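# A look at the structure
Now for the letters of each chain:
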Amino acid sequence: MAGQLSVTDFFEDFLKKQPLLVDKKVLQSNYAPQLILHRQSQIQQIAAILAVSLRREKPSNIFVYGKTGTGKTVVTQYVLMKLLESASAKNIPLKTVYVNCKLKKIADTEYRIIAELAKNLGKSVPATGLPTDEVYNIFLKALDSTEQIVVLVLDEVDRLVDKTGDEILYNLTRLNSSLSKAQLSIIGISNDVRFMENLDSRVKSSLGEENIVFPAYDAVQLVEILRERAKIAFRTNALEEGMLEKCAAYAAREHGDARRAIELLRVAGEVAEREGSEIVKSEHVDRAEERIEKDTVLEITTTQPKQSQAVFYATLLMPADGKKIETGNVYEKYKEICAAAGLSPLTQRRVSDLIGELDMLGLINAKVVSKGRYGRTREIYINIQTDMREKVQGKLKEELGL
Ligand SMILES: Nc1ncnc2c1ncn2[C@@H]1O[C@H](COP(=O)(O)OP(=O)(O)O)[C@@H](O)[C@H]1O
Ligand SMILES: [Mg+2]
């Protein structure tokens, strides 16, 4: 495309081609699918618990848990939508309030979240300044202003508790005793499967009156979920045989994650479209996977605290000659980096914890090995593709001001 004319030709050609993706929003994360597959049992369990609200009784609190992308949010919202439909058809005063606790500025303090809940019930609270008790009172009044059942969904509630502690859950589950007209039920949703284990036992028993688990999908189920979406998102015959299976296989590698599967399908479609391909092929899925992988690695890298970045950088600077990387060597390098970056170095023990966190994030693999009477150490392997390493190293250097 040297001159102006060829660009025009390019645009003309582009317009002549039928787009592969005809309805891209179907593959976006906030799309509510018409058909939810393989979740009949969870839908029924939640519906059965909430149904009593149609007889004006308070439903039990529910704790919903399962790994990311297992359909917790979509299923909960679907059942609530249906419940609201039935309630309004029968003139039953029912309200639902949904908050995603991962949102900053909404759920990072007890004050803010209760203010947000009050706002959802139509009462505004100043952004700061009131005593927390007073904010609770405003919320309580809003709730109890009329006879009604309110179902409160705290999605990604584990994030809330990380930030504020579990006192807030205790307070919320106890609110009913102060209500005279309204009744409050809580649905807590967590991506962290072990979240409940660490809660105060009073909170555990009151929030988890009912527990519903969402298992990961298997690859076959993911293919079916993808096929439903693909039917709407792509023009007919746009997909190469076997490419949905490939998306599903990638998405099932860690745990069957529908979000990941759908994202792969979307990015594969975009890659194919940009290349001017007539159909979306398996190789486009490979490229999509690479792209998503790279984006995630960079995103995780740049959002870590400085100390973690220094530890990660030290690990990446270890000689890549196939020798095992040991914690002790990383620690020496880390101290040099701290000196250069003006950070005060943490103890080796803390650094060892940070290495564990990097492992959890999937950036490295740190295997604990026993060295007999010399105690235990970690053998570290780097989990980043070689062609990404330089880019990540560059980013870290920049972040650390080196
Ligand atoms: N059973 C299903 N059928 C159709 N789409 C699904 C199903 N489960 C999940 N999805 C889709 O996958 C993505 C992730 O689901 P979501 O409910 O957000 O997962 P979670 O809340 O468990 O992390 C969403 O786009 C959702 O629409
Ligand atoms: Mg969710």
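A few points on the structure. (Residues numbered from 1 in each chain as written. Chains lettered and ligands numbered in written order. Predicted model: local features only at pLDDT ≥ 70, side-chain atom pairs only at ≥ 80, totals over all residues. Heavy atoms only, no water.)

## Quick word on the overall build of the protein
Each helix and strand in the protein was counted, giving 16 helices and eight strands. Counting only C-alpha atoms, the protein reaches 70 × 65 × 45 Å along its principal axes. The buried share of the protein, taken over its 402 residues, is 43%. With the model as given, the accessible surface of the protein reaches about 21400 Å², and the carbon-plus-sulfur share is 49%. Between the averaged position of the 57 positive side-chain charges in the protein and that of its 56 negative side-chain charges there is a distance of 2 Å. (Helix = DSSP H or I, 4+ residues; strand = E, 2+ residues; numbered from the N terminus. Buried < 20%, exposed > 50% of the residue type's maximum accessible area, 1.4 Å probe, protein only. Areas by Shrake-Rupley, 256 points an atom, 1.4 Å probe, with all protein chains shown as cover. Lys, Arg positive; Asp, Glu negative; His and termini not counted. Charge placed at Lys NZ, Arg CZ, Asp CG, Glu CD.)

## Here we look at the pairing of strand E3 (residues 149-155)
Across the seven residues that make up E3, a large majority, seven, are buried. Residues Ile-149, Val-151, Val-153 and Asp-155 point to one face of E3 and Val-150, Leu-152 and Leu-154 to the other, with burial holding for every one of them. Pairing analysis gives seven bridges linking strand E2 (residues 94-100) to E3, with the strands arranged parallel. Bridged to Leu-94 within E3 is Ile-149. (Pairing = 2+ DSSP bridges.)

## Quick look at the side chain of Thr-70
By the element assignment, Thr-70 lies in the loop between strand E1 (62-66) and helix H3 (72-89). Residue class for Thr-70 comes out buried when judged on its relative accessible area of 0%. Of the polar contacts made by the side chain of Thr-70, one reaches the backbone oxygen of Lys-67; its length is 2.7 Å. Look past the residues within four positions of Thr-70 in its chain and what remains in contact with it is Arg-39, Phe-214, Pro-215, Ala-216, Tyr-217 and Gly-256. (Polar contact = N/O pair within 3.5 Å; in protein donor to acceptor, adjacent residues only side chain to side chain. Contact = heavy atoms within 4.5 Å.)

## Examining the packing of aromatic side chains
Using the criterion set out here, one finds four aromatic pairs in the structure. Geometrically, the ring pair formed by Phe-63 and Phe-195 is tilted, given 5.8 Å between the ring centres and 35° between the ring planes. Placement of Phe-63 in strand E1 and of Phe-195 in the loop between strand E4 (183-190) and helix H8 (201-207) is noted, with a sequence separation of 132 residues between them. The pair Phe-63 / Phe-195 is uniform in exposure class, with both members buried. Judged by centre distance (5.8 Å) and plane angle (25°), the ring pair of Tyr-331 and Tyr-334 falls under stacked. Of the two residues, Tyr-331 and Tyr-334 both sit in helix H14 (residues 327-341), three residues apart, roughly one turn of that helix. Both residues of the pair, Tyr-331 and Tyr-334, count as buried. Taken together through their ring pairs, the aromatic side chains of Phe-63, Tyr-65 and Phe-195 make up a single cluster. Of note, Arg-202 hangs over the ring of Tyr-170, and the distance from its end group to the ring centre comes to 3.9 Å. (Phe/Tyr/Trp six-rings, centres within 6.5 Å; stacked < 30°, edge-to-face > 60°. Lys NZ or Arg CZ within 6 Å of the ring centre and 35° of its normal.)

## Remarks on the site of ligand 1
Residues in close proximity to ligand 1 total 22 residues, the closest being Leu-37, Gly-69, Lys-72, Thr-73 and Tyr-217. Take Lys-72: an N or O atom from its side chain is 2.6 Å from an oxygen atom of ligand 1. In the environment of ligand 1, an oxygen atom lies 2.7 Å from a nitrogen or oxygen atom belonging to the side chain of Thr-73. Sorting the residues of the shell around ligand 1 by element identifies H3, helix H9 (219-233) and helix H11 (258-274) as the ones contributing at least two each. Residue composition of the shell around ligand 1, by class: 10 nonpolar, seven polar and five charged. Counting residues domain by domain, the shell around ligand 1 receives three or more from each of domain 1 (40-214) and domain 2 (217-300). (Near = heavy atom within 4 Å. Nonpolar A, V, L, I, M, F, W, Y, C, P; charged D, E, K, R; others polar. Domains from an automatic or database assignment.)

## With respect to the sheet that holds strand E6 (residues 325-326)
Note on sheets: strands pair through backbone hydrogen bonds, and any given pair is parallel or antiparallel. One open sheet holds the three strands; their spatial order is E6-E8-E7, and the pairing between them is antiparallel. Single-partner strands in this sheet number two, and they are E6 and strand E7 (364-370). Those strands touched by helix H15 (residues 348-360) are E7 and strand E8 (376-382), and its axis lies near 130° from that of E7. (Axes fitted to C-alpha atoms, helices over the stretch in contact; angles between N-to-C directions.)

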